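Each chain, written out:
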Amino acid sequence: RDVSFGEVFFESDAVCGQITQTDPSSRTKLELWEEIFVGMDLSLFKEFSAGYDFRSTGGGTGGYLNLYLRATDNGNYYDCRLDFSIPNEVGTGTLVVTPETVPSSVSDTAAAKCDGTPTIQQYLAANPDAVMGVGNGELYAFTLDTGSTGEDNSGQLVCWSDVSIQYDDG
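Procedures and definitions
- Residues numbered from 1 in each chain as written.
- Predicted model: local features only at pLDDT ≥ 70, side-chain atom pairs only at ≥ 80, totals over all residues.
- Heavy atoms only, no water.
- 1 Å grid on protein atoms, 1.4 Å probe; cavity = no way out; pocket = protein on both sides within 12 Å on 5 of 7 lines; lining within 4 Å.
- Points joined across faces, edges and corners; volume = space filled by probe spheres on them.
- Nonpolar A, V, L, I, M, F, W, Y, C, P; charged D, E, K, R; others polar.
- Core = buried A, V, L, I, M, F, W, Y, C linked by side-chain atoms within 4.5 Å.
- Buried < 20%, exposed > 50% of the residue type's maximum accessible area, 1.4 Å probe, protein only.
- Helix = DSSP H or I, 4+ residues; strand = E, 2+ residues; numbered from the N terminus.
- Disulfide = S-S within 2.5 Å.
- Pairing = 2+ DSSP bridges.

Caption draft 1: Representation of the layout of surface pockets within the structure. By volume, the largest pocket amounts to about 220 Å³. Considering the residues around the largest pocket, the lining is formed by 17 residues, among which Tyr64, Asn66, Arg81, Asp83 and Ser148 are closest to the centre. Each residue belonging to the lining of the largest pocket can be placed in one class, and the counts come to five nonpolar, seven polar and five charged.

What follows is the structure in structure tokens.
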């Protein structure tokens, strides 16, 4: 986990991120990793889903999933990050991401570009050797975030549950 001006706590069926200060870098970031996803061929990815309970909104972005991709398994830092947001309002639901899901935003590194490929499917078509994972020694491909850097996210509280990552295991 990565926490800036917030806290992470566990409930019986969820893990929650709460922003406790007004600093513009306030966020909580839950890194989800298992060895199989680090450097996994992107063509094997089928679906990510997570239940959410957005209990308290504030300013800023709210809750979202980051998915990190690399054009090849080169060990370098990620080439493309896809962000998938949940509605920025109090309520519950399920975030579902498939290869066809259009992300809320796309970010790339200075060294590489996402090449205008917004979906996982389009990124894979442009980069047939693409893999999942941050790379550069980082051991995760997915993060669940509450709040965002550069914004006042004070008071936000999102709880995540029932995370499922489906892939083709051959």
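The discussion continues.
Caption draft 2: Up close: the nonpolar core. In this structure, Met132, Phe142 and Trp160 are the most contacted members of the largest nonpolar core, which totals 30 residues. Elements with a minimum of two residues in this core: β5 (45-56), β6 (63-70), β7 (80-85), β8 (91-97), α1 (120-126), β11 (142-146) and β12 (157-167). Among the elements that line this core, the one with the most residues is β5, at five residues.

Caption draft 3: Quick peek at the state of the cysteines. Within this structure, the stated rule accounts for one disulfide. Covalently, Cys16 is tied to Cys159 through a disulfide, its sulfur atoms 2.0 Å apart. Between Cys16 and Cys159, the disulfide has an S-S torsion of 105° and is therefore right-handed. Highlighted residues: Cys16 in strand β3 (residues 14-19) and Cys159 in strand β12, separated in sequence by 143 residues. When its relative accessible area of 2% is taken as the criterion, Cys159 is described as buried.

Caption draft 4: Molecular detail of the pairing of β3. In terms of burial, β3 is a largely internal element, five of the six residues being buried. Here six bridges tie strand β2 (residues 6-11) to β3, and the two strands are oriented antiparallel to one another. Of the residues in β3, the one forming a bridge with Phe10 is Val15. Joining the antiparallel neighbours β2 and β3 is a turn of two residues. With four bridges joining them, β3 and β12 adopt antiparallel strand pairing. Bridge pairing links Gly17 to Val158 in β12.

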